[in-house]
Amino acid sequence: MKNFKYLLFTIVLIINTSCEKDFLELSPEGNLNTGNYYKNTQDFQQALVGAYVPLRDVSNIAFFMDEMRSDNSEYDYNPKDRGGLGFEQLADFLDDSQNGVISQRYLACYNGISRTNVILDKLEKINFSMTDADKNQIIGEAKALRAHYYFDLVRHFGKVPLHIHEVLDKENAYLPQSSVEEIYTQIINDFTDALDKVSLPKFPQGTGRITKGMVASELALVYMSLKQYDKSVPLLDSVTKMGYGLWANYGDAFKNENQNKMESVFEVQYKDGTDGQSSNFIYRFIPIGNTTNILGINYNNTLGGWNVPTPDLIESYEIGDKRLDASIGVIEGTINASSNFVASRIVSSVNYVPNPSVAYKYFIRKYYHPPYLLANNTKENWPVIRYSNVLLMLAESLNESGQSPVALPYLNQVRTRAGLANVTTTVQSELRDIIAKERRIELAFENSRWLDLVRTNQAIPVLTQFGIKQKAKYGYMLPSAYTITENRYIYAIPFREMTINPKLIQNNGY
């Protein structure tokens, strides 16, 4: 599949589902008949490209549910425009089943699952010749994608319906929820089979395909989520032998020219231009207002003010940590007569001391890579797994397995790049806290923090204390904000799904 990245979002293929309709809707009139479509290997390869598309649909909104749910980022409250209330509710733990973001994510994952199911079922019934290599690669990628989508669902929604075959009738369209254990079993089975069948150890130049590195890394995270560290260690160790590496400078890992290269284990693909493949993360992460003095392009940005770095995170960086400047920047400006922020310039966040006469706002710098050619249109990929994450997962798995001394070299590779001293303690509890903090800093704004807090049972104590500070600081927050219980570890099953499928049971607390 040459030019995979550019095929990814241009292919027009409707297989049993439509991105604009419910994933359970059965072959609307006028849709391509999947029974007649799969006539050769290329048809399957193109269908596989279509199964990657929902990755972008998830990435476009995931930071609202993951990063902003944590102590890493917050929102810039806009009293003049309350249209973003649903986004704010996610950050403040006030969301419910009718929140539009959770519904988008749920639907996107099932769109991806539906597409992989069609591919896998049709592949069993082909009446033409296909090489074993092609067949294995298609099966491996499809199963890895299905596992990835279900892993996303189970971590965010808990019990969900488990569809592992193409939906051909209404009876199979509306399934009850499977247990979390059953879903994890399917995820492990799919990833395990994919690891055997996917042939590529890491990214070929310029592609965004599933690789052995991605499968091994995400399967290891599955085992870590289940506290089965003895199974995650060998998987992560295998990735360290696949040829990945760290860029000398932390910020280089996020440059556009380094996408899909040595530090990238898996990232969601985007491309700027007018063909619908672009991203716009930086527009979400800078303040609302004109972007000329920030992005070098004249655009009235109404999308911004989200995923704003918190002072709590900034204060967590050690002195001399090179990642701070690469991750977080400061936009200085003025407040005009209409009480709007008007940006003037970008400065470093390192040792930044606010000037009372200058307005300022923090923003995520790691996704800021000018020049920009089109307004609200960038080629920024979204990093899902970087090699530094693999090293930190391996350090954590070794430490939790009682091998703390062996964990230190992997942890210290990440710290050395950041310009920090090596960690020497081998006390498991101390090292556990150090690794958790290192993950917070290294993976800031990559949608890991909330899931890490949940996975390590730290979400309630950490975010309860953070919430107390937030409510004391911001008078607009409701008293009920940051009321965190284990019920809030997962989100509500979307209201619309509950309506169309009477077999679903709503998650506790919603």
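If you're wondering where the values come from, they're calculated on a predicted model, not measured in any experiment. (Residues numbered from 1 in each chain as written. Predicted model: local features only at pLDDT ≥ 70, side-chain atom pairs only at ≥ 80, totals over all residues. Heavy atoms only, no water.)

Engineer: I tried to follow the pairing of strand E2 (residues 264–268) on my own but got confused; where do I start?
Structural biologist: Taken across its five residues, E2 has five buried, putting it largely inside the fold. Bridge analysis of E2 against strand E9 (residues 382–386) gives four bridges, and the strand direction is antiparallel. When the bridges of E9 are listed, phenylalanine 266 appears paired with isoleucine 385. (Buried < 20%, exposed > 50% of the residue type's maximum accessible area, 1.4 Å probe, protein only. Helix = DSSP H or I, 4+ residues; strand = E, 2+ residues; numbered from the N terminus. Pairing = 2+ DSSP bridges.)

Engineer: How do you make sense of the sheet that holds strand E6 (residues 328–335) when you look at a structure like this?
Structural biologist: Note on sheets: strands pair through backbone hydrogen bonds, and any given pair is parallel or antiparallel. Reading across from one edge, E7-E6-E8 is the order of the three strands in this open sheet, with antiparallel pairing throughout. A single partner strand is all that each edge strand has here, and the edge strands are strand E7 (341–348) and strand E8 (359–364). Here the strands of the sheet are splayed against their neighbours by 30° on average, with no regard to which way each runs. Bridging between E6 and E8 involves six bridges; their strand directions are antiparallel. Across the sheet, the residue bridging to glutamate 332 is tyrosine 360, located in E8. (Axes fitted to C-alpha atoms, helices over the stretch in contact; angles between N-to-C directions.)

Engineer: Any chance you could explain the packing of aromatic side chains here in plain terms?
Structural biologist: Each aromatic ring pair is summarised here by two numbers: the centre-to-centre distance and the angle between the ring planes. Here the structure, examined in full by the defined rule, presents 30 aromatic pairs. Their ring planes at 10° and their centres at 4.0 Å tell us that phenylalanine 64 and phenylalanine 87 sit as a pair that is stacked. Residue phenylalanine 64 is found in helix H3 (residues 41–65), and its partner phenylalanine 87 is found in helix H4 (residues 85–92); the two are separated by 23 residues along the sequence. What makes phenylalanine 64 buried here is its relative accessible area of 1%. An angle of 90° between the planes, with centres 5.8 Å apart, marks the rings of phenylalanine 363 and tyrosine 368 as edge-to-face. For the pair formed by phenylalanine 363 and tyrosine 368, the shared burial category is buried. Note that arginine 69 overlies the ring of tryptophan 450, its terminal NZ or CZ placed 5.4 Å from the centroid. The cationic tip of arginine 155 hangs over the ring face of phenylalanine 151; the distance from NZ or CZ to the ring centre is 3.9 Å. (Phe/Tyr/Trp six-rings, centres within 6.5 Å; stacked < 30°, edge-to-face > 60°. Lys NZ or Arg CZ within 6 Å of the ring centre and 35° of its normal.)

Engineer: Explain helix H10 (residues 229–239) to me, please; I cannot follow it from the model alone.
Structural biologist: Three- or four-residue spacings in an α-helix give side chains the same orientation, since the helix completes a turn every 3.6 residues. Of all the residues in H10, the buried ones are Tyr229, Ser232, Val233, Leu235, Leu236 and Val239. The inward-facing, buried residues of H10 contact helix H8 (180–197), helix H9 (212–225) and helix H15 (387–400). (Contact = heavy atoms within 4.5 Å.)

Engineer: What is the right way to read the layout of surface pockets from this model?
Structural biologist: Gaps left between atoms are located by rolling a probe of water-molecule size over the structure's atoms. The volume enclosed by the largest pocket comes to roughly 1000 Å³. If you go around the largest pocket, you meet 48 residues; those closest to its centre are Phe151, Val154, Arg155, His156 and Leu451. Elements with a contribution of two residues or more to the lining of the largest pocket: H3, helix H6 (132–157), H8, H9, E9, H15 and helix H18 (449–455). Top contributing element to the lining of the largest pocket by residue count: H6, with seven residues. For the lining of the largest pocket, the class distribution of residues is 21 nonpolar, 15 polar and twelve charged. (1 Å grid on protein atoms, 1.4 Å probe; cavity = no way out; pocket = protein on both sides within 12 Å on 5 of 7 lines; lining within 4 Å. Points joined across faces, edges and corners; volume = space filled by probe spheres on them. Nonpolar A, V, L, I, M, F, W, Y, C, P; charged D, E, K, R; others polar.)

Engineer: How should I be thinking about the packing of H6 against H8 in this particular structure?
Structural biologist: Packed helix pairs are characterised by how far apart their axes lie and by the angle those axes make with each other. Contact geometry of H6 with H8 gives a least axis separation of 8 Å together with a crossing angle of 150°. Taken as axis vectors, H6 and H8 run roughly antiparallel relative to one another. Viewed along their axes, H6 and H8 form a crossing whose handedness is left-handed. Looking at the contact of H6 with H8 residue by residue, the classes come out as twelve nonpolar, five polar and six charged. (Parallel < 35°, antiparallel > 145°, perpendicular 65-115°, else oblique. Left-handed = near helix turned anticlockwise from the far one by under 90°.)

Engineer: When you look at the packing of H15 against helix H16 (residues 404–417) in this model, what are you seeing that I'm missing?
Structural biologist: Close contact between H15 and H16 brings their axes to 8 Å; oriented N to C, the two are set at 155°. In terms of orientation, H15 lies roughly antiparallel with respect to H16. Between H15 and H16 lies a crossing whose hand is left-handed. Every residue of H16 that contacts H15 at Ser388, Leu391, Leu392, Leu394, Ala395, Leu398 and Asn399 is listed here: Ser404, Val406, Ala407, Tyr410, Leu411, Gln413, Val414 and Arg417. In terms of residue class, the contact of H15 with H16 is made up of ten nonpolar, four polar and one charged.

Engineer: Help me understand the domain arrangement of the chain in this model?
Structural biologist: Structurally, the chain comprises domain 1 (39–198 + 457–510) and domain 2 (281–380). In this structure, domain 1 and domain 2 have C-alpha centres spaced 29 Å apart. In this assembly, domain 1 packs against domain 2 so that about 1500 Å² is buried in total across both faces, 57% of it on carbon and sulfur atoms. Taken together, domain 1 and domain 2 are joined by two salt bridges. Lysine 361 is the salt-bridge partner of aspartate 76, the closest N and O atoms lying 2.9 Å from each other. (Domains from an automatic or database assignment. Buried area = accessible area lost by both parts, 1.4 Å probe. Salt bridge = Lys/Arg side-chain N within 4 Å of Asp/Glu carboxyl O.)

Engineer: Sorry if this is basic, but what is going on with the environment of methionine 214 here?
Structural biologist: With respect to the secondary-structure elements, methionine 214 resides in helix H9. With relative accessibility at 0%, the residue methionine 214 sits in the buried group. Between the C-alpha atoms of methionine 214 and tyrosine 387, which are 173 residues apart in sequence, the distance is 9.9 Å.

Engineer: It is not clear to me how the UniProt feature "domain: RagB/SusD" (unreviewed entry) in the chain should be interpreted in this structure. Could you clarify?
Structural biologist: On the UniProt side, "domain: RagB/SusD" (unreviewed entry) is annotated at positions that read residues 263–510 here. In residues 263–510, the share of helix is 36% and the share of strand is 15%. The end C-alpha atoms are 40 Å apart. (UniProt positions renumbered as here; feature names shortened; annotations may be inferred.)

Engineer: Which parts of the structure should I look at to understand the pattern of salt bridges?
Structural biologist: It is possible for side chains of opposite charge to pair when their charged atoms get near one another. Under the defined criterion, the tally for this structure stands at 34 salt bridges. Across the salt bridge formed by glutamate 166 and lysine 122, the nearest N and O atoms sit 3.6 Å from each other. Of the two residues, glutamate 166 is situated in the loop between H6 and helix H7 (170–173) and lysine 122 in helix H5 (residues 100–123); the sequence distance between them amounts to 44 residues. Taken as a pair, glutamate 166 and lysine 122 share a single burial class, namely buried. Across the pair arginine 417 and glutamate 263 runs a salt bridge, and its minimum N-O distance is 2.8 Å.

Engineer: Even after reading the chapter, I still don't get the environment of methionine 498, so can you show me in this structure?
Structural biologist: Turning to its location among the elements, methionine 498 is positioned in helix H20 (residues 495–500). Its relative accessible area of 22% is what places methionine 498 among the partly exposed residues. Put simply, methionine 498 and aspartate 272 are 226 residues apart on the chain and 37 Å apart in space, counted from C-alpha to C-alpha. Once you skip the residues sitting within four places of it in the chain, methionine 498 turns out to touch Ile493, Leu504, Ile505 and Gln506.

Engineer: Is there a simple way to think about unusual backbone geometry in this case?
Structural biologist: Backbone geometry follows two general trends: most residues other than glycine have a negative phi, and most peptide bonds adopt the trans configuration. With an omega of 5°, the peptide bond between proline 370 and proline 371 qualifies as cis. If you trace the backbone, proline 371 turns up in the loop between E8 and E9. Even without glycine at this site, asparagine 376 takes up a positive phi of about 55°. Along the chain, asparagine 376 turns up in the loop between E8 and E9.

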